[in-house]
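# Tertiary structure, described
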Amino acid sequence: MSAEYPNPQPTPEFMERCIPIIKAWEAGTLPFNEAAERFAALRAEAAAAQQPANQGQVEIMMGVMYGYRANLDTAIDHFRAARRLFEQAGNPERMLLCDTNIAECYRDKGEITRARQMFSLALQTARQHGNRRVEIICIINEGQIQLKLGFPNIARPALEEALRRIDEAADVRPQVIGLLCEAHRDLASIYLLQGEAALAWDAARNALLTAQESKEVLRIGFANRALGEVLTALDVPPDGGDGFSDDPDHYFQMAMNNFREIKAEGEVARTLSIHAESLAKRGQVMTGAKKMQQAVLLFTRLGMVAEAARAAEIQMQMLKNAQG
């Protein structure tokens, strides 16, 4: 470590100024532009003080914000900048976290081979250094990629393994609470595909409870969407609902409200697409086709090429079915 940069970690005082900004944005109480301006000011301050770890932490948080708005190229730029800064600071763990964030962006861009290569390297490094947090992140993402590729039988054991590891690592759980919510959400989808409705319902409810624990609007949106998907496949919830609504549209609308609140446009597009499929499955084919067209346009505008193509293909099939 260079003597010029004595702090490999962001300083506690600096983190105390950063975390409320990202939490307020995640909660929907701070507009994106204002959060970005505050982070830009903190970044300039850290650069002037020659504290690369502080500066790198700002770059990570800005990357997260841009990533959830589906501005993935800008997000990658921020994560790469953060990685360079943490390398200067002598912090290999945060360099590794930057690698996983970049890999997630490539996954969401549809560059699956590149994403898997990065996750594989990160997983090897994490295991070598006994870094359970990064190991869990990589395992969950491998499961998510396998699900995206259409291999739920491979995705399921990876995600279930991640849940077991989180249960065994109480100290790591708060650091991966958001991914824990996503793992429950993805398992709900897998259980549905495999015809295990009761497990799917439990997983979706666990996703919502975990999301509420995290207090992150984004994750609450994920969980609401998962409940909408599960309810689409069920005539009635296995336990009669147990206080939950039995209307899929209710949860899709809640998810839309969550994602719009924080301007997570990529998730808005995905929710439009999933809701459209739900409507078609429930006999509302033309309504579903119109909603799918909205998804196609938004995916296209956001540069989410693979998802735009898939949505357009589904919409064409809906229109054919509507014409008899």
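Scroll up for the structure.
Each chain has its residues counted from 1, following the order in which its sequence is written. Totals for whole chains, interfaces and linings use every residue, but because this is a predicted model, local features are given only for residues with pLDDT of at least 70 and side-chain atom pairs only at 80 or more, for both listing and counting. Excluding hydrogens and water, the side-chain figures rest on all heavy atoms present in the structure.

## Quick notes on helix 9 (residues 177-193)
Helical geometry note: an α-helix holds 3.6 residues per turn, so side chains three or four residues apart project in the same direction. With 17 residues, helix 9 extends 25 Å between its outermost C-alpha atoms, agreeing within 8% with the 24 Å of an ideal straight helix rising 1.5 Å per residue. For the purposes of this entry, the term helix denotes a DSSP run of H or I that reaches at least four residues, the term strand denotes a run of E that reaches at least two, and both are numbered from the N terminus. Positive backbone phi, approximately 75 degrees, marks G195, located one or two places after helix 9. In a helix, the anticipated span is given by 1.5 Å times the number of residues less one.

## As for the packing of aromatic side chains
Only the six-membered ring of Trp is used, alongside the rings of Phe and Tyr, when aromatic pairs are assigned; centres must lie within 6.5 Å, and planes under 30 degrees apart are stacked while those over 60 apart are edge-to-face, with the rest tilted. All chains considered together, the criterion is met by three aromatic pairs. Throughout this description, the term charge over a ring refers to an Arg CZ or Lys NZ atom that lies within 6 Å of the ring centre and within 35 degrees of the ring normal. The ring of F32 is capped by R69, whose NZ or CZ atom sits 4.0 Å from the centre of that ring.

## Describing the pattern of salt bridges
The rule for a salt bridge is simple: a side-chain nitrogen of Lys or Arg has to be within 4 Å of a carboxyl oxygen of Asp or Glu. Applying the stated rule across the entire model yields 27 salt bridges. In this structure, the salt-bridge partner of E34 is R38, at a minimum N-O distance of 2.6 Å. With E34 and R38 both in helix 2 (residues 32-48), this residue pair falls four residues apart, about one helical turn. When its relative accessible area of 39% is taken as the criterion, R38 is described as partly exposed. R185 is paired through a salt bridge with D186; the nearest N and O atoms lie 3.0 Å apart. Between buried and exposed lies partly exposed: a residue is buried under 20% and exposed over 50% of the maximum accessible area for its type, with that area taken using a 1.4 Å probe on protein chains only. Given a relative accessible area of 12%, R185 falls into the buried group. Judged by relative accessible area, D186 falls into the buried class, the value being 7%. The structure contains a network of salt bridges with shared partners spanning E182, R185, D186, E216 and R219.

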